[in-house]
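# Analysis of the macromolecular model
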Amino acid sequence: MIVLLFIVFSLVQIAPIQINPWTWLGHLLRAYLGIEDIRDELMDARRTRIIRFDDELLDKRQHRKDMFDAILIDCDKYEKYCMAHKGYVNSVAGDSIAHIKETYHDLKAHDGFLVKREA
């Protein structure tokens, strides 16, 4: 009887601790497959596109609205990734993103996007 009470009390004491083997296995698989490294590389490519697009704006190169739409999607995904992954280094894209968004809103307000040429 005492042994049974000891086991029951031990289980009650351990019950609040949540041990999820699937979460542990998921972390192990992500580490093994290098998924976080792949995601970081994808974000590195997005950051490069963002900075290159901003450089083109600074060089006064005009862009069509669809080009802005595509880069703004990159900006949104990049910012969300940075928010969710605090360890990911982001010290250069913030100003570029702000400038791209500001330019987009200015062009939208004045209908100043480059128009696609008809063939």
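The present account deals with the structure reproduced in this document. None of the values given here were measured: they were computed from a predicted structure.

Time to look at the overall build of the chain. Secondary structure summary: the chain contains five helices and zero strands in total. Start at the N end of the chain and walk to the C end: the helices and strands fall as α-α-α-α-α. Counting the 119 residues in the chain, one finds 22% classified as buried. Excluding contacts between residues fewer than 6 apart, the proportion of contacts in the chain whose partners are at least 24 apart in sequence is 71%. For the chain, the accessible area works out to roughly 9600 Å², and carbon and sulfur atoms hold 62% of it.

Here the focus is the nonpolar core. Counting 17 residues, the largest nonpolar core has Ile50, Phe53, Phe68, Tyr78, Tyr88, Ile97 and Ile100 as the members making the most contacts within it. At seven residues, the largest contribution of residues to this core is made by helix 4 (residues 65-84). Ignoring anything within four residues of it in the chain, the contact list for Tyr78 reads Met43, Arg46, Arg47, Ile50, Tyr88, Val89, Asn90, Ala93 and Ile97.

Under the definition given, this model contains seven salt bridges. Between Arg64 and Asp66 there is a salt bridge, and its shortest N-O distance comes to 3.1 Å.

Bringing helix 5 (residues 93-109) into the picture now. With 17 residues, helix 5 should cover 24 Å at 1.5 Å per step; its first-to-last C-alpha distance of 24 Å lies within 8% of that length. Those residues of helix 5 that are buried lie in contact with helix 3 (35-58) and helix 4. Following helix 5 by one or two positions, Asp111 adopts a phi angle in the positive range, close to 50°.

Here is what the cut-offs are and how they apply
Think of each chain on its own: its residues are numbered from 1, step by step along the sequence as written. Only residues with pLDDT of 70 or above have their local features reported here, since the model is predicted, and side-chain atom pairs are shown and tallied only from 80 upward, although totals for entire chains, interfaces and linings are computed over all residues. To obtain the side-chain values, all non-hydrogen atoms of the structure were used and water was disregarded. Segments assigned H or I by DSSP are reported as helices when at least four residues long, segments assigned E as strands when at least two residues long, and all are numbered from the N terminus. Working definition: with a 1.4 Å probe on protein chains only, accessible area under 20% of the residue-type maximum means buried, over 50% means exposed, and in between means partly exposed. A contact between two residues is defined here by any heavy atoms of the two lying within 4.5 Å. With residues, only the protein chains shown are counted as cover, and all accessible areas are computed by Shrake-Rupley using a 1.4 Å probe. Throughout, nonpolar core names a set of buried Ala, Val, Leu, Ile, Met, Phe, Trp, Tyr and Cys residues whose side chains join them through atoms within 4.5 Å. Throughout this description, the term salt bridge denotes a Lys or Arg side-chain nitrogen within 4 Å of a carboxyl oxygen of Asp or Glu. Expected helix span is computed as 1.5 Å times (number of residues minus one).

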